[in-house]
Amino acid sequence: MNGPAAARAEAAFRLVYAEAFAEPPYNETSDDVVATFRRFRSQTRKPTFRATLARTEDDEPVGMAYGYPLGPNTGWWDQLTEPVPDDMRREDGHRTFGLMELAVRGPWRRQGIARRLHEALLEGTEAERALLNVRQDSKPASAAYRAWGYRKVGEARPWEGAVLHDVMLLNLR
């Protein structure tokens, strides 16, 4: 779905996010969810925003993923603890798809839903690669990303006070 469609489905995205990220190692609070969805509303206004939402036959939200291509002035690469080569950090608004969030609610995990959400999100994108941050203590997520072909290119603290995250890159072409 595009940004306006995702904005209309915000309640479903919020439900999945709040439930999945309340669990360890994230332990996100209701204040964290509010902050995430303040950003979500801004992100959905980007013309290149894309999202996927999985639901049961009864329309219950199961999982979600969203992101958008990184612009030339993205701060993503500035958060790394060690600089990467200029060619790796070059962005033009098309080269790299930034995966902002991907989550599946507990009862539906280990059924391939996250992988299908990921594939659907990236299907048809013109990006050469996808980029994401994953907490180092989130072993299941890290293992899934590696199994899907992502490789670690650095470490970052994506915001002030954040724990260390692995920065992972997937070549799409």
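Please read all numbers here as calculations on a predicted model, not as lab measurements. (Residues numbered from 1 in each chain as written. Predicted model: local features only at pLDDT ≥ 70, side-chain atom pairs only at ≥ 80, totals over all residues. Heavy atoms only, no water.)

A. Quick look at unusual backbone geometry. The residue after Pro 24, namely Pro 25, is reached through a cis peptide bond having omega 5 degrees. Within the fold, Pro 25 resides in the loop between helix H2 (10-22) and helix H3 (30-43). Backbone geometry places Asp 59, a non-glycine residue, at a positive phi of 75 degrees. Relative to the elements of secondary structure, Asp 59 occurs in the loop between strand S1 (50-55) and strand S2 (61-69). Its relative accessible area of 47% is what places Asp 59 among the partly exposed residues. (Helix = DSSP H or I, 4+ residues; strand = E, 2+ residues; numbered from the N terminus. Buried < 20%, exposed > 50% of the residue type's maximum accessible area, 1.4 Å probe, protein only.)

B. Seen up close, the nonpolar core. Counting 22 residues, the largest nonpolar core has Leu 99, Leu 102, Ile 113, Leu 117, Leu 132, Tyr 145 and Tyr 150 as its most contacted members. Contributions of two or more residues to this core are made by S2, strand S3 (96-104), helix H5 (113-122), strand S4 (129-135), helix H6 (139-147) and strand S6 (165-171). Counting 18 residues, the second largest nonpolar core, distinct from the first, contains Phe 13, Ala 20, Val 33 and Phe 37. (Core = buried A, V, L, I, M, F, W, Y, C linked by side-chain atoms within 4.5 Å.)

C. Looking closely at the pairing of S4. Most of S4 is tucked away, with six of its seven residues classed as buried. In this fold, the crossover linking S3 to S4 by way of H5 has right-handed handedness. (Right-handed = clockwise from strand over helix to strand, strands pointing away.)

D. Up close: the pairing of S2. Taken across its nine residues, S2 has nine buried, putting it largely inside the fold. Here S1 folds back onto S2, and the loop between the two strands holds five residues, one of which, Asp 59, carries a positive phi near 75 degrees. (Pairing = 2+ DSSP bridges.)

E. A look at H3. Taking 1.5 Å per residue, 14 residues should reach 20 Å; H3 reaches 20 Å between its end C-alpha atoms and fits that length. Of the positions making up H3, those classed as buried are Val 33, Thr 36, Phe 37, Phe 40 and Gln 43. For H3, the angular spread of buried residues about the axis comes to 105 degrees, placing them on one side. Facing away from the buried surface of H3 by more than 90 degrees, the exposed residues are Asp 31 and Arg 38. (Expected span 1.5 Å × (residues − 1). Arc of directions from axis to C-beta.)

F. Structural detail: the packing of aromatic side chains. The full count for this structure, using the stated rule, is eleven aromatic pairs. Ring plane angle 40 degrees and centroid distance 5.3 Å describe the contact between Phe 13 and Phe 40, whose orientation is recorded as tilted. Of this pair, Phe 13 sits in helix H2 while Phe 40 sits in helix H3, and the two are 27 residues apart along the sequence. Judged by relative accessible area, which is 0%, Phe 13 ranks as buried. Centroid distance Tyr 17 to Phe 37: 5.7 Å. Interplanar angle 80 degrees. Geometry classified as edge-to-face. With a gap of 20 residues between them, Tyr 17 in helix H2 and Phe 37 in helix H3 connect regions that are remote in the sequence. One exposure class covers both Tyr 17 and Phe 37, and it is buried. An aromatic cluster of three or more residues is present, and its members are Phe 13, Tyr 17, Phe 21, Tyr 26, Phe 37, Phe 40, Phe 49 and Tyr 66. Here Lys 46 stacks its cationic end above the ring of Tyr 68, 4.9 Å away from the centre of that ring. (Phe/Tyr/Trp six-rings, centres within 6.5 Å; stacked < 30°, edge-to-face > 60°. Lys NZ or Arg CZ within 6 Å of the ring centre and 35° of its normal.)

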